[in-house]
Amino acid sequence: MNEVLNFLKSNPVQFFATVGLDNKPKVRPFQFMLEKDGKLFFCTSNEKEVYKEIKSNPYVELCSSSLESVWVRLHGKVIFKNDPDIKSKILENNPLIKSIYQTPDNPIFEIFYLEGAEAVFYDFSGNPPKKYSL
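Residues numbered from 1 in each chain as written. Predicted model: local features only at pLDDT ≥ 70, side-chain atom pairs only at ≥ 80, totals over all residues. Heavy atoms only, no water.

Quick look at the overall build of the chain
Working step 1: Helices and strands together make up the secondary structure of the chain, namely four helices and eight strands.
Working step 2: Along the chain, from the amino end to the carboxyl end, the secondary structure elements read α-β-β-β-β-α-β-β-α-α-β-β.
Working step 3: Its C-alpha atoms give the chain a radius of gyration of 15 Å, near enough to 14 Å, the size a compact globule of 134 residues would have.
Working step 4: Summarising its shape, the C-alpha atoms of the chain cover approximately 50 × 35 × 25 Å along the three principal directions.
Working step 5: Going through the 134 residues of the chain one by one, you find that 39% of them count as buried.
Working step 6: Within the chain, contacts between residues separated by at least 24 positions form 60% of all contacts whose residues are at least 6 apart in sequence.
Working step 7: When the accessible surface of the chain is summed, it comes to about 7700 Å², and 51% of that surface belongs to carbon and sulfur atoms.
Working step 8: With 17 positive and 17 negative side-chain charges, the chain shows a spacing of 2 Å between the two charge centroids. (Helix = DSSP H or I, 4+ residues; strand = E, 2+ residues; numbered from the N terminus. Rg over C-alpha atoms; globule rule 2.2 N^0.38 Å. Buried < 20%, exposed > 50% of the residue type's maximum accessible area, 1.4 Å probe, protein only. Contact = heavy atoms within 4.5 Å. Areas by Shrake-Rupley, 256 points an atom, 1.4 Å probe, with all protein chains shown as cover. Lys, Arg positive; Asp, Glu negative; His and termini not counted. Charge placed at Lys NZ, Arg CZ, Asp CG, Glu CD.)

Quick word on the packing of aromatic side chains
Describing an aromatic ring pair means giving the distance of the ring centres and the angle of the ring planes.
Working step 1: Enumeration over the complete set of coordinates arrives at 13 aromatic pairs.
Working step 2: Seen in terms of ring centroids, Y51 and F80 are 5.1 Å apart; in terms of plane orientation they differ by 65 degrees. Their pairing is edge-to-face. Taken as a pair, Y51 in helix α2 (residues 49-56) and F80 in strand β6 (residues 71-81) lie far apart in primary sequence, 29 residues in all.
Working step 3: Note on Y51: relative accessible area 15%, which makes it buried.
Working step 4: Classification of F80 by relative accessible area gives partly exposed; the value is 23%.
Working step 5: Relative to F124, the ring of W71 lies with its centre 5.0 Å away and its plane at 55 degrees, an arrangement referred to as tilted. (Phe/Tyr/Trp six-rings, centres within 6.5 Å; stacked < 30°, edge-to-face > 60°.)

Brief notes about the UniProt feature "domain: Pyridoxamine 5'-phosphate oxidase N-terminal" (unreviewed entry) in the chain
Working step 1: Here, the residues flagged by UniProt with the feature "domain: Pyridoxamine 5'-phosphate oxidase N-terminal" (unreviewed entry) are residues 3-90.
Working step 2: Annotated as 26% helix and 45% strand, the span residues 3-90 places its first and last C-alpha atoms 21 Å apart. (UniProt positions renumbered as here; feature names shortened; annotations may be inferred.)

The following block contains the structure:
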């Protein structure tokens, strides 16, 4: 878990893939928010298209890469959670998110984690990928 957390924190922009409502792939930049009890949390607005896509098909994948040509693919099933404490921690740790949602009880502020998540690290070393079940 530590290798995954360190990588996501060191490479803060991930590309988040969903199946669109038109059944075509959709990818957009996203950002990992925090880890709590072994779960990786992210957030979005329930007014965004990505929220509707996730509700329609909760299986997603993220990818992020480093300047050293190492990348991770992370996939799992989205589980939404209404936890004011986690929302508060996200707002405390991320000024951009705080400027958007302002308070944990904002009705459009949604948080989620990845259930059954698996992270796979790749590089150009010729070594096999490293897999982690989270």
